[in-house]
Amino acid sequence: MDGTRGMALHAVGSHGPADFLAIVGPTGSGKTALSLVIATRIPGEIISMDSRQIYKGMDVGTGKVTAEEMGTVPHHGLDLKTPDETYSAGQFSRDAREWMGGIRSRGRVPLLVGGTGFFLRALTNPMFSQPPLDVDRLENLRAFLNALTEEDLGRYLAALDPERAPQAHTGGRQRSTRAIEMALLTGRPLSWWHQEGPPSEAPLRGVILVLDMPRELLYERINRRVREMFVGGLVDEVRGLVEMGYSPSSPGMTGAGYRETLAFLAGELTQDQAIEEIRRSHRRYARRQVTWFRHQLPPDAVWLDGTLPEDRLADSAMEAWEALAAGEQAYTEPIRAASGRTRNGHE
């Protein structure tokens, strides 16, 4: 056995067969590359679990798969909305269940891939059924909130939903905005809806694989990837979106990479400053993702060493899937992540 491997992993075998296989991890950890290999082995079809890749015309800055890659493996969940539209975890859950039904009917495995943890949790721990919101009030409120600084947004959130505030803040600006919207437009905080609101669907069981690697290596990959994006078409992509009428307040344009490029196009940042700001944003986002995975994923999630060569990493992923998919046995082949954490993120 590899000397870098440690404690055994255990599956929760009493919940029946897995409904899906999920590959998650922070931005830049190699999820897409691994998923393309695994999808051909299972075989499966990929469902994007990325809250930014749902937007049309936002390809470079979100690291979306290429047309050639989509031609080798069927993909779902891409290019669903225009950048001025929103897309909730609840909507993802409804869409993903429909996609999974079609995938299974074709004799394939649904393979969920991405770093948006709230999308995954909407499947394993279904959310409440969201009440209808007044569209005009929602649009006016959203325009107001989008103009606020992070600090002011945090103050509103702490006052309206103090229980939810820390978690929503960790999820980024869009999560904070949604928590405020729910509190103001429904009269009840989002934390109440999560605790008391009736679930909209039955929970699903999945085999969840987490790609992990040392922070220094992850940051190196992020820094390199950001420069490649910036000089490889991100500026033209954002310029084109602006020419189409999308603004900094459009939901899709608030993500890392897009807001900094908008500032560059407006002359507020130099190219080098924009690149460095994007890097910082992506590194902060990666830290938030890792924190979420450590504390929110179920105990039987399998943490894989993302520094392994592609073939060995794919073998490890397949071993875990084959052992856990039926839900009838424990996964006894131990795998330790590159950082030294075991399956639940602990040392």
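**So, the overall build of the protein chain**
Across its full length, the protein chain carries 13 helices and six strands. Here the protein chain holds 347 residues, and 52% of them are scored as buried. For the protein chain, contacts bridging at least 24 residues in sequence account for 79% of all contacts bridging at least 6. Counting every atom, the protein chain has about 15,700 Å² of accessible surface; 50% of that belongs to carbon and sulfur.

**Here we look at a positive patch on the surface**
A contiguous patch of positive charge on the surface is contributed by Arg215, Arg284, Arg287 and Arg294. When residues of the positive patch are assigned to their parent elements, the largest contribution, three residues, is made by helix 12 (residues 271–296). In this structure, Arg287 sits in helix 12.

**Examining the environment of Thr307**
Mapped onto the secondary structure, Thr307 falls in the loop between strand 6 (302–305) and helix 13 (310–324). By relative accessible area, Thr307 is classed as partly exposed at 38%. Sequence separation between Thr307 and Ser29 is 278 residues, and the spatial gap between their C-alpha atoms is 8.9 Å. Of note is the side chain of Thr307, whose polar atom sits 2.5 Å from the side chain of Asp305.

**Focus: helix 4 (residues 117–124)**
Of all eight residues in helix 4, eight are buried; the element is thus mostly enclosed. For helix 4, the set of buried residues is Gly117, Phe118, Phe119, Leu120, Arg121, Ala122, Leu123 and Thr124.

**What about the nonpolar core?**
In terms of nonpolar packing, the biggest core is built from 64 residues, with Val24, Phe92, Leu112 and Leu297 touching the most fellow members. In terms of residue count, helix 10 (residues 215–243) provides more of this core than any other element does, nine residues in total. Sequence-distant contacts of Leu112, defined by excluding residues within four places in its chain, comprise Phe20, Leu21, Ala22, Ile23, Ile47, Met49, Phe92, Met100 and Leu123. Ile42, Leu308, Ala317 and Trp321 belong to the second largest nonpolar core, which has 27 residues in total.

About the thresholds
- Residues numbered from 1 in each chain as written.
- Predicted model: local features only at pLDDT ≥ 70, side-chain atom pairs only at ≥ 80, totals over all residues.
- Heavy atoms only, no water.
- Helix = DSSP H or I, 4+ residues; strand = E, 2+ residues; numbered from the N terminus.
- Buried < 20%, exposed > 50% of the residue type's maximum accessible area, 1.4 Å probe, protein only.
- Contact = heavy atoms within 4.5 Å.
- Areas by Shrake-Rupley, 256 points an atom, 1.4 Å probe, with all protein chains shown as cover.
- Patch = residues over 30% accessible without salt bridge, like charges linked within 9 Å, V, L, I, M, F, W, Y side chains within 5 Å.
- Salt bridge = Lys/Arg side-chain N within 4 Å of Asp/Glu carboxyl O.
- Lys, Arg positive; Asp, Glu negative; His and termini not counted.
- Charge placed at Lys NZ, Arg CZ, Asp CG, Glu CD.
- Polar contact = N/O pair within 3.5 Å; in protein donor to acceptor, adjacent residues only side chain to side chain.
- Core = buried A, V, L, I, M, F, W, Y, C linked by side-chain atoms within 4.5 Å.

So yeah, pure geometry; function would need other evidence.
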